[in-house]
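Reading the structure
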Amino acid sequence: MAAPLPTASLSQYEELHSLVKAMLVAAQQDNWEFFMDLGQRYTTQADELINAPIPAETADRNRCAELLEGILKVDAEIRLLADEQLGQIRRQIAQTQREHKLNQAYGLYPQPA
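This text gives an overview of the structure that appears in the document. (Residues numbered from 1 in each chain as written. Predicted model: local features only at pLDDT ≥ 70, side-chain atom pairs only at ≥ 80, totals over all residues. Heavy atoms only, no water.)

**So, the overall build of the chain**
The condition is simple: Counting from the N terminus, the helices are DSSP H or I runs at least four residues long and the strands are E runs at least two residues long. For each residue, the accessible area found with a 1.4 Å probe, counting protein chains only, is set against the maximum for its type, and the residue is called buried under 20%, exposed over 50%, and partly exposed in between. The contact criterion used throughout is that any non-hydrogen atoms of two residues lie within 4.5 Å. Each accessible area is a Shrake-Rupley result for a 1.4 Å probe, and residues are judged covered by the shown protein chains and nothing else.
When its secondary structure is counted, the chain shows three helices and zero strands. Put simply, the chain runs from its N terminus to its C terminus through helices and strands in the order α-α-α. Among the 113 residues that make up the chain, the fraction classed as buried is 27%. In the chain, 71% of the contacts between residues at least 6 apart in sequence involve partners at least 24 apart. Carbon and sulfur atoms make up 56% of the accessible area of the chain, which totals about 8500 Å².

**Examining the nonpolar core**
Rule in force here: Remark: nonpolar core denotes a set of buried residues (Ala, Val, Leu, Ile, Met, Phe, Trp, Tyr, Cys) joined through side-chain atoms within 4.5 Å.
Membership of the largest hydrophobic core comes to 20 residues, with the highest contact counts inside it found for Val20, Met23, Phe35, Tyr42 and Ile78. Put simply, the parts of the chain that give this core at least two residues each are helix 1 (8–28), helix 2 (32–50) and helix 3 (58–105). Excluding residues within four positions of it along the chain, Tyr42 makes contact with Leu16, Leu19, Val20, Met23 and Ile71.

**Comments concerning a nonpolar patch on the surface**
The condition that has to hold: What goes into a patch is any residue over 30% in relative accessible area without a salt bridge, connected to like charges within 9 Å or, for nonpolar side chains (Val, Leu, Ile, Met, Phe, Trp, Tyr), within 5 Å. Note on definitions: salt bridges are taken to be side-chain nitrogens of Lys or Arg within 4 Å of carboxyl oxygens of Asp or Glu.
Among the surface-exposed residues, Leu86, Ile89 and Ile93 lie close enough to one another that they form a single nonpolar patch of about 230 Å² accessible area. If you trace the backbone, Ile93 turns up in helix 3. With a relative accessible area of 45%, Ile93 lands in the partly exposed category.

Structure (structure tokens):
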């Protein structure tokens, strides 16, 4: 007898888990544009998962729980990388603002009227 097909929600958890792992790789490779593209798909997938039926089989429910734990673990890793990237962006913005103020102070660029 063939194994039963996975329920829709189990396959959705598996797909979400794969997607979040791809997001982690993109973040590790500093490919934030691709990361954002994946993030949009992740959000759509997660929204769909909220309304998905809970698997009836205990084994499927347990597998969904394992996948969710994996998703949350990878999400925590992504957050660390994103926080680091955000810090770099903030430093760059602050540096640009300082340079702009210095340029205005020393007359390199005329101030707007």
